[in-house]
Amino acid sequence: MIKDPVQIQKIIDDAFASSKTISVLIPSRARLSALKECIDNIFNTARHPENVEVIIRIDEDDTDTVSRLSELPVEVKKIIGKKYGYGNLHVYFTEMLPTATGEFLFAIADDERLTNNWDDYIQKHRGQICIIWTDTETTFATHRAIPLVWEQFGPVYSVDVHYKILSLELGVYVRYNELVMIHNRFPTTKDQADTTDNLENYLWPNLKPLMYELTDALKPYVKPELFKSYEIYKGGSCYGNPINDYARGKIYWWPIDRSEEHTSEL
């Protein structure tokens, strides 16, 4: 349930006073070596690792990983719980949300790697409600006030798609070409994989009422003029289809092979 204005303002004020800049959220299963490399990469490439915390979420039936958590740095926050599967990634991120102390929440996978000084591009937005995207828009860092007001990290597993909508609806989209995320895409084992049923429940058109409720509640508290206008991502791999919102008359982004005269409407 969306908070009332007094609660929203308190959530925002508390987020601005966060002790850390960034909480990196990593759901992981049956891939401890990759997870260790990911955590090392996060701290080794940050300019200010003291302002970064890492939170991982492990399934309780992933006994090999659970039994070897002592191999991870002691400062990493570790959450163990029920297996929900890939189709419920939003649940994993939501479970990590109360533990996070960073002003920004950076959602990544254990097979993704960051380049040097990645935290600079998030640090500069302290005190601003915005959503910051990596160069190829494969993932993002959201100001913590957004999921806290909504009381969940996202409504469905495709959290990246829905945060794209949020950032454009709120007018707080930021992307840095210098904020590079390298996705190694390590092979997925049968134990790690699962299927997502009832995909029609996850489509953007079916979730418009939820997205409108959140963005309309937050709009009075953000300052869109602080941020870059939306630019179409052209290059690498990106979603091939536009996301259309017929109710509000917008096309949020086009396939990357569209001509440059097409722009999204904010």
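Placed above this text is the structure.
Our subject in this report is the structure included herewith. Note that the coordinates shown come from a computational prediction; the quantities given were computed from them, not determined experimentally.

1. Looking at the overall build of the chain
Point 1. When you go through the chain residue by residue, the secondary structure sums to eight helices and 11 strands.
Point 2. Within the chain, the proportion of its 266 residues that are buried is 52%.
Point 3. Looking at the chain as shown, the accessible area adds up to about 12200 Å², and 51% of this sits on carbon and sulfur atoms.

2. Topic: the sheet that holds strand β6 (residues 131–133)
Point 1. Strand order in the open sheet made by the seven strands is β3-β2-β1-β4-β7-β6-β8, with mixed pairing throughout. Both outer strands of the open sheet, β3 (77–81) and β8 (173–175), are each paired with one neighbouring strand and no more. Recorded for the sheet is a direction-independent mean angle of 25° between the axes of neighbouring strands.
Point 2. With five bridges joining them, strand β2 (residues 52–59) and β3 adopt parallel strand pairing. Residue Arg57 lies in a different strand from β3, and its bridge partner there is Ile79.
Point 3. Packing of helix α2 (residues 32–45) onto the sheet brings it into contact with β1 (20–28) and β2, and relative to β2 it is tilted by some 170°.

3. Quick word on the packing of aromatic side chains
Point 1. For the structure on display, the rule yields eight aromatic pairs.
Point 2. Look at Tyr84 and Tyr92: their rings are 5.7 Å apart centre to centre, the planes differ by 75°, and that puts the pair in the edge-to-face class.
Point 3. A relative accessible area of 6% means that Tyr92 is categorised as buried.
Point 4. Measuring from centroid to centroid gives 5.6 Å for Phe106 and Trp118, while their planes differ by 35°, and the two rings are tilted. Here Trp118 lies in the loop between β5 (112–114) and α5 (120–123) and Phe106 lies in strand β4 (residues 102–107), a separation of 12 residues in the sequence.

4. What to know about the environment of Gly102
Point 1. The topology assignment puts Gly102 in strand β4.
Point 2. Note: C-alpha distance between Gly102 and Phe16 (86 residues apart in sequence) is 9.2 Å.
Point 3. Leaving out residues up to four positions away in the same chain, Gly102 has contacts with Ser18, Lys20, Thr21, Ile22, Ser23, Glu53 and Arg144.

5. Thoughts on the pattern of salt bridges
Point 1. Enumeration according to the criterion identifies 19 salt bridges in this entry.
Point 2. Note that Arg47 is salt-bridged to Asp120, the shortest N-O span being 2.8 Å. Residue Arg47 is found in the loop between α2 and β2, and its partner Asp120 is found in helix α5; the two are separated by 73 residues along the sequence.
Point 3. As a salt-bridge pair, Lys164 and Glu137 come within 2.7 Å of each other at their nearest N and O atoms. In this pair, Lys164 is assigned in helix α7 (residues 159–170) and Glu137 in the loop between β6 and β7 (140–143), connecting sequence segments 27 residues apart. Across the pair, exposure class does not vary: Lys164 and Glu137 are buried alike.
Point 4. Among the ionic contacts, a cluster of salt bridges with common partners joins Arg29, Arg57, Asp59, Asp61 and Glu95.

Reading the values: the criteria
Residues numbered from 1 in each chain as written. Predicted model: local features only at pLDDT ≥ 70, side-chain atom pairs only at ≥ 80, totals over all residues. Heavy atoms only, no water. Helix = DSSP H or I, 4+ residues; strand = E, 2+ residues; numbered from the N terminus. Buried < 20%, exposed > 50% of the residue type's maximum accessible area, 1.4 Å probe, protein only. Areas by Shrake-Rupley, 256 points an atom, 1.4 Å probe, with all protein chains shown as cover. Pairing = 2+ DSSP bridges. Axes fitted to C-alpha atoms, helices over the stretch in contact; angles between N-to-C directions. Contact = heavy atoms within 4.5 Å. Phe/Tyr/Trp six-rings, centres within 6.5 Å; stacked < 30°, edge-to-face > 60°. Salt bridge = Lys/Arg side-chain N within 4 Å of Asp/Glu carboxyl O.

Any functional reading would require information that these geometric values do not contain.
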